[in-house]
Amino acid sequence: MSNRLAFLPGKRAQADGSSRRLSANRFFATLLALAVLVQAVPALARPAPDSFADIAENLLPAVVNVSTTQTVQSSPQDVPEMPQFPPGSPFEEFFRDFFDRQQRPNQPRRATSLGSGFVIDASGFIVTNNHVIADADKVTIRMHDDAEFEAEIVGRDPKTDLALLKINPGDYKLTAVGWGDSDASRVGDWVLAIGNPFGLGGTVTAGIVSARARDINAGPYDDFLQTDASINRGNSGGPMFNMSGEVVGINTAIYSPSGGSIGIGFAVPSALAKPVIEQLKEYGRTRRGWLGVRIQMVTDEIAESLGLDKARGALIASVTETGPADKGGIKAGDIVLKFNGQNVPDMRRLPRIVAATKIDEDVPVEIWRDGKKLTVKVKVGELEEAEQAGLLDPTKPADSGAVNRTVDSLGLSLTGVTPELRQRFGLADTAKGVLVTEVKPNSPAAEKAIQPGDMIVEVSQEEVNSPAELVEKVQSAQKAGRKSVLLLVNRKGEMRFVAVRIEG
């Protein structure tokens, strides 16, 4: 090997032995680095599959078409009025015959819809979307080979838009698929979608996971996988597979101004769907954990006002009286940092963690209160029981004082509550706190959308019953070097925490 081979431009090999040894060492070091790089490249950029044919062939028999029919009552508004013609006109008789043949008002008619689903258990259990079979009188399953079965609805969950169906296959051999781990899916992973778009059964499309943990405001547990695999009307309820042939998502929604696929589709992740389907199979309904709180996001200002290192966790806005959190000692103003050993990075994560927790289980909850971490024990309740009992609207009202005061540093005018003010602002008889009568334009309070008629119940997590108490606590926060103060505001029974900047 020649000494003239050099990888450093502008350097000439010299004749002495030490220089030659140095050049040789550099050369072999460079070769070693190149070898490591060549081995690393395939891991960073995996080639696309040559074909999806083998995996599609194995999975297609497990994907079904779901069609429903339902009875819809016609109303007089559904029947168009007959045009007016001159008496004796030949058009009058023609149109009268036409309209007489039309459906009469209040006469029932049949409506149909199409969707997709997949066999999750060879004994006959089929998963689909709730919106595909909602209000259906009859549900029909058509297999890949056109065999048809009538299905019964085992259970539905509108909150996650999932439903479980059951057919009796008899001697027919069903092909079932299994759940994959959606939490292991990474952005950029290949996925395969199979479904019934526009009634065209057995359609296969491929794409990648475009994003994770999407919140599209479809429900309280939004955690969608986003994909660019073509998903259209009729794909709802169909499976999204990983390259191992496992279900990692259930295609549920698309974003489309035109109604067709533009490469933005959403699937319920298997990590969320699997426990829901298991509950529907076992109980015919969901049984979710319930904490008994209303929560809100922790902003940077709220974190600073409570002495928390950064914005994280879920801020407790109010606590349901006699609910699990109340019995466990959680209070309004606490920030939940961990629940049952799982970190709560933001407000959205807490409901999903609680919902997946076993009912009646005692779990540790790490909270932030008064500038330090505490751990309390909470016995998890059942959400569905709380809904039936009407416990999902927690509010904390009470009484008041009087006297008008102004807090210039916040831009607020305040007063105690009188019967006249209760009537003027529509306040509940039990409402307590300090009433906001005026908000100065462009003030810190105006920036946070505080309005006349709002009741300030707490300042820095301490109750206030008079304007004087509120002023004193704001001044104390100012003297302590706080840049903002945390207010608990009651607006017509709706409790929320607001961190308001202290001016001056």
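Everything in this summary refers to the structure shown in the same document. (Residues numbered from 1 in each chain as written. Predicted model: local features only at pLDDT ≥ 70, side-chain atom pairs only at ≥ 80, totals over all residues. Heavy atoms only, no water.)

## Quick notes on the overall build of the protein chain
At step 1: In terms of regular secondary structure, the protein chain is built from twelve helices and 27 strands.
At step 2: Looking at the protein chain residue by residue over its 504 residues, the buried ones come to 43%.
At step 3: Put simply, of all contacts in the protein chain between residues at least 6 apart along the chain, 62% involve residues at least 24 apart.
At step 4: Only carbon and sulfur atoms are counted for the fraction: they give 50% of the accessible area of the protein chain, which is about 26,900 Å². (Helix = DSSP H or I, 4+ residues; strand = E, 2+ residues; numbered from the N terminus. Buried < 20%, exposed > 50% of the residue type's maximum accessible area, 1.4 Å probe, protein only. Contact = heavy atoms within 4.5 Å. Areas by Shrake-Rupley, 256 points an atom, 1.4 Å probe, with all protein chains shown as cover.)

## Some thoughts on the sheet that holds strand E7 (residues 190-195)
At step 1: An order of E7-E8-E9-E12-E11-E10 is seen for the six strands of this closed barrel, with the pairing classed as antiparallel. Going from strand to strand, the sheet's axes swing by 45 degrees on average, the running direction of each strand aside.
At step 2: The pairing of strand E8 (residues 203-214) with strand E9 (residues 224-227) spans three bridges and is classified as antiparallel. When the sheet's bridge partners are listed, Val-209 is paired in E9 with Thr-227.
At step 3: Most of the contacts of helix H5 (residues 270-283) go to strand E12 (residues 265-269), to which it runs at about 50 degrees, and overall it touches strand E11 (247-254) and E12. (Pairing = 2+ DSSP bridges. Axes fitted to C-alpha atoms, helices over the stretch in contact; angles between N-to-C directions.)

## Observations regarding the pattern of salt bridges
At step 1: Following the criterion strictly, the structure yields 18 salt bridges and no others.
At step 2: Salt-bridge contacts for Glu-148 lead to Arg-142; the nearest nitrogen and oxygen are separated by 2.9 Å.
At step 3: Note that Arg-288 is salt-bridged to Asp-157, the shortest N-O span being 2.3 Å. One end of the pair, Arg-288, is in the loop between H5 and strand E13 (289-290); the other, Asp-157, is in strand E5 (residues 148-157), with 131 residues separating them in the sequence. The same class applies to Arg-288 as to Asp-157, namely buried. (Salt bridge = Lys/Arg side-chain N within 4 Å of Asp/Glu carboxyl O.)

## So, unusual backbone geometry
At step 1: Non-glycine residue Ala-213 carries a positive phi angle of around 55 degrees.
At step 2: Inspection of the secondary structure puts Ala-213 in strand E8.
At step 3: Exposure remark for Ala-213: the relative accessible area of 36% places this residue in the partly exposed category.
At step 4: Residue Ala-449 is not a glycine yet carries a positive backbone phi of 60 degrees.
At step 5: Looking at where Ala-449 falls in the secondary structure, it is placed in the loop between helix H11 (444-447) and strand E24 (455-459).
At step 6: A residue is classified by how much of its surface remains accessible, and Ala-449, at 41% relative accessible area, is partly exposed.

## Here's the deal with the side chain of Ser-305
At step 1: Relative to the elements of secondary structure, Ser-305 occurs in helix H6 (residues 300-305).
At step 2: By relative accessible area, which is 11% here, Ser-305 ends up buried.
At step 3: From its side chain, Ser-305 meets the backbone oxygen of Ile-302 in a polar contact 2.8 Å long.
At step 4: Residue contacts for Ser-305: discarding those within four places in its chain leaves Arg-482, Ser-484, Val-485, Leu-486 and Ala-499. (Polar contact = N/O pair within 3.5 Å; in protein donor to acceptor, adjacent residues only side chain to side chain.)

## A short note on the packing of aromatic side chains
At step 1: Here the structure, examined in full by the defined rule, presents four aromatic pairs.
At step 2: An angle of 70 degrees between the planes, with centres 6.3 Å apart, marks the rings of Phe-224 and Phe-266 as edge-to-face. Remark: Phe-266 occurs in strand E12 and Phe-224 occurs in strand E9; sequence separation between them is 42 residues. You'll find Phe-224 and Phe-266 in the same group, each marked buried.
At step 3: The ring centre of Phe-125 lies 5.4 Å from the NZ or CZ of Lys-166, which sits over that ring.
At step 4: Its guanidinium or amino end placed over the ring of Tyr-283, Arg-287 lies 5.0 Å from that ring's centre, counting from NZ or CZ. (Phe/Tyr/Trp six-rings, centres within 6.5 Å; stacked < 30°, edge-to-face > 60°. Lys NZ or Arg CZ within 6 Å of the ring centre and 35° of its normal.)

## A look at the nonpolar core
At step 1: By size, the foremost hydrophobic cluster in this structure holds 33 residues, and its most contacted members are Phe-118, Trp-179, Phe-241 and Ile-250.
At step 2: With five residues, the top contributor of residues to this core is H5.
At step 3: Contact partners of Trp-179, with chain neighbours within four places excluded, come to Phe-118, Ile-120, Glu-246, Val-247, Ile-250, Ser-270, Ala-273, Lys-274 and Ile-277.
At step 4: In this structure, Leu-414, Ile-450, Val-459 and Val-474 belong to the second largest nonpolar core, which totals 22 residues. (Core = buried A, V, L, I, M, F, W, Y, C linked by side-chain atoms within 4.5 Å.)

## Quick word on the side chain of Asp-157
At step 1: The class for Asp-157 is buried, based on a relative accessible area of 2%.
At step 2: Side-chain polar atoms of Asp-157 contact the side chain of Arg-288, separated by 2.3 Å.

## A few points about helix H12 (residues 467-479)
At step 1: With 13 residues, H12 should cover 18 Å at 1.5 Å per step; its first-to-last C-alpha distance of 18 Å lies within 8% of that length.
At step 2: Turning to H12, its buried residues are Pro-467, Leu-470, Val-471, Val-474 and Ala-477. In a view along the axis of H12, the buried residues occupy a sector of 125 degrees, so they form one face of it. The exposed residues of H12 that point more than 90 degrees off its buried face are Glu-472 and Lys-479.
At step 3: Close packing links the buried residues of H12 with strand E21 (405-407), strand E22 (412-415), strand E23 (434-439), E24 and strand E26 (484-491). (Expected span 1.5 Å × (residues − 1). Arc of directions from axis to C-beta.)

What is shown is where atoms sit, not what they do.
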